[in-house]
Amino acid sequence: MSILFSDEPTRDGERAYTHIDHGLVRVGNQWLERVWSGFTGRTTNLLHKPGEYEWAAAKNPEFSVDVDGNTLSIEDFGEVEWSEACDDLGASLVGAYRRPEIEVRIEQLAFHDAPGLLRTATFFNCGRREVKVGPAITESFELDQPENCEYQMNLRVSREPDSGTRFSEIGAVITEERGLILLAESKAQIVLGSQDLAACSVRIGSKEILAPSQLATQARSLLIAFEGDSQAALDRHLPEILRRMRLHDRMMAKREREDE
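Per chain, the residues get numbers from 1 upward, laid out in the order the sequence is written. Under the rules for a predicted model, residues below a pLDDT of 70 receive no local features and side-chain atom pairs below 80 are neither given nor counted, while totals for whole chains, interfaces and linings still include all residues. Hydrogens and water are ignored here; the side-chain numbers use all heavy atoms of the structure.

Chemist: Sorry if this is basic, but what is going on with helix 1 (residues 230-259) here?
Modeler: Turn by turn, an α-helix covers 3.6 residues, leaving residues three or four places apart pointing in a common direction. Helix and strand definitions here come from DSSP, where helices need a minimum of 4 consecutive H or I residues and strands a minimum of 2 consecutive E residues; each element is numbered from the N-terminal end. A helix's residues, less one, multiplied by 1.5 Å, set its expected span. Between its first and last C-alpha, helix 1 extends 41 Å over 30 residues, near the 44 Å set by a 1.5 Å rise per residue. Helix geometry: helix 1 is bent most strongly at H237, by close to 35°, with proline P239 lying one to four residues after it. Of all the positions in helix 1, only S230, A233, L234, H237, L238, I241, L242, R244, M245 and H248 are classed as buried. Looking at the buried side of helix 1, the elements it contacts are strand 11 (103-111), strand 12 (116-124), strand 14 (150-152), strand 15 (167-175), strand 16 (178-185) and strand 21 (221-227). Counting of polar contacts relies on pairs of N or O atoms within 3.5 Å, with two restrictions inside protein: one atom must be capable of donating a hydrogen and the other of accepting it, and residues adjacent in sequence are counted only when both atoms are side-chain atoms. With a side-chain oxygen lying 3.2 Å from the backbone nitrogen of Q231, the N-terminal cap of helix 1 falls on D229. The angle separating two fitted axes, one through the seven residues that finish at a residue and one through the seven that start at it, defines the bend at that residue. Using a 1.4 Å probe on the protein chains alone, a residue whose accessible area is under 20% of its type maximum counts as buried, one over 50% counts as exposed, and one in between counts as partly exposed. Any two residues whose heavy atoms approach within 4.5 Å are treated as being in contact.

Chemist: Quick question: what am I supposed to make of the pairing of strand 10 (residues 90-98) here?
Modeler: Within a regular strand, the side chains alternate between the two sheet faces. Strand 10 sits mainly inside the fold: eight of its nine residues count as buried. Judged from the six bridges that link them, strand 9 (residues 81-86) and strand 10 form a sheet pairing that is antiparallel. When the sheet's bridge partners are listed, E84 is paired in strand 10 with L93. Two strands pair under a simple rule: DSSP has to find at least two bridges between them. Following strand 9, the chain reverses through three residues before pairing antiparallel with strand 10.

Chemist: So what exactly am I meant to see when it comes to the packing of aromatic side chains here?
Modeler: Aromatic rings considered in pairs are described by the distance between their centres and by the relative angle of their planes. Pairing of aromatic rings covers Phe, Tyr and the six-membered ring of Trp, with a centre-to-centre limit of 6.5 Å; geometry is then stacked below 30 degrees between planes, edge-to-face above 60, and tilted otherwise. All chains considered together, the criterion is met by four aromatic pairs. Geometrically, the ring pair formed by W36 and W82 is tilted, given 6.0 Å between the ring centres and 50° between the ring planes. One end of the pair, W36, is in strand 4 (residues 32-37); the other, W82, is in strand 9, with 46 residues separating them in the sequence. A relative accessible area of 3% places W36 in the buried class. Between the aromatic rings of Y53 and W55, the centroid separation amounts to 4.9 Å while the plane-to-plane angle is 75°, which identifies the pairing as edge-to-face. Note on accessibility: Y53 and W55 belong to one class, buried. Aromatic ring contacts, followed pair by pair, group F63, F77 and Y97 into a single cluster.

Chemist: Explain the side chain of S221 here, please?
Modeler: Tracing the sequence through the fold places S221 in strand 21. With residues up to four places along the chain from it excluded, the contact list for S221 reads L117, L118, R119, E139, L183, A184 and V202.

Chemist: Where do I start with empty space enclosed by the protein in this structure?
Modeler: Unfilled space is identified by rolling a water-sized probe across the atoms. In the cavity and pocket records, a cavity denotes points on a 1 Å grid over the protein atoms alone where a 1.4 Å probe fits but cannot get out, a pocket denotes an open set with protein on both sides within 12 Å along at least 5 of 7 lines, and lining residues are residues with an atom within 4 Å of a point. Grid points are joined across faces, edges and corners, and a volume is the space filled by probe spheres set on the points. Tallied over the full model, the rule gives one cavity of 30 Å³ or more. In this structure, the largest cavity spans a volume of roughly 40 Å³. Every residue lining the largest cavity is listed: F123, V133, G134, P135, A136, I204, S206, E208 and Q218. Of all the elements, strand 13 (residues 131-141) adds the most residues to the lining of the largest cavity, at four residues. Basically, the charged four are Asp, Glu, Lys and Arg, the nonpolar ten are Ala, Val, Leu, Ile, Met, Phe, Trp, Tyr, Cys and Pro, and anything else, Gly included, counts as polar. When the residues that make up the lining of the largest cavity are grouped by side-chain class, the tally is five nonpolar, three polar and one charged.

Chemist: Explain the confidence of the model for the protein chain here, please?
Modeler: Close inspection of predicted coordinates is inappropriate in any region flagged by low pLDDT. As a per-residue measure, pLDDT tells how confident the predictor is, with possible values from 0 to 100. This prediction gives the protein chain a mean pLDDT of 90; 92% of its residues lie at or above 70. Confidence drops under pLDDT 50 across residues 1-12; counting only partners more than four residues distant or on other chains, this segment forms 29 contacts.

Below is the structure:
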């Protein structure tokens, strides 16, 4: 079975999309496409569409979370449940990873008209007692050709955006004339080229207690595909992506109010 989910019929590559086909699930736009195994929930590809460059290795850690002092990785969760959605801003794919005491929900949103993938991790206590959650790795992938890549952690937002969103951590992975900018909201840390974690990871060091049926949304992370100079690309693309994130947040808040 093959399902292509988009908000309106358009020519290939113009709008963000999700796709389910023969055990693979994917979300993307004309700049980036991310693919997971529908069975294991691991990222298998992260494709830079211009030039068809592969960023990610074939097998990746994806995430991990400490629950009551025990570190749970993707192997400790059961079969993944996938869902998808699309609106005027983009297309999103959600993977729900479950255990008896906790559910990890990973959402990846691809914007229609901006070269970004926004990632949100939410932890939900689905058990009958409170649990201590954290620290956590909410994003984690290895590079397909790490020997050809270099890392930057000196990027800065040139002007403070008029937004409630603050990306306190910014880094980039670069090979030749293309790259990926990684951004993380406050309380998260970007780790690049680590010997202990995957080559590209986002770590949240805080801990919190979740009561039964309580959920906690973690600091979000963002991938921006670019070609040319990394700082120039950040200055060019981030303001528009932040504007779209504000619209997305307002839409989600409105839906939550309507569901109450």
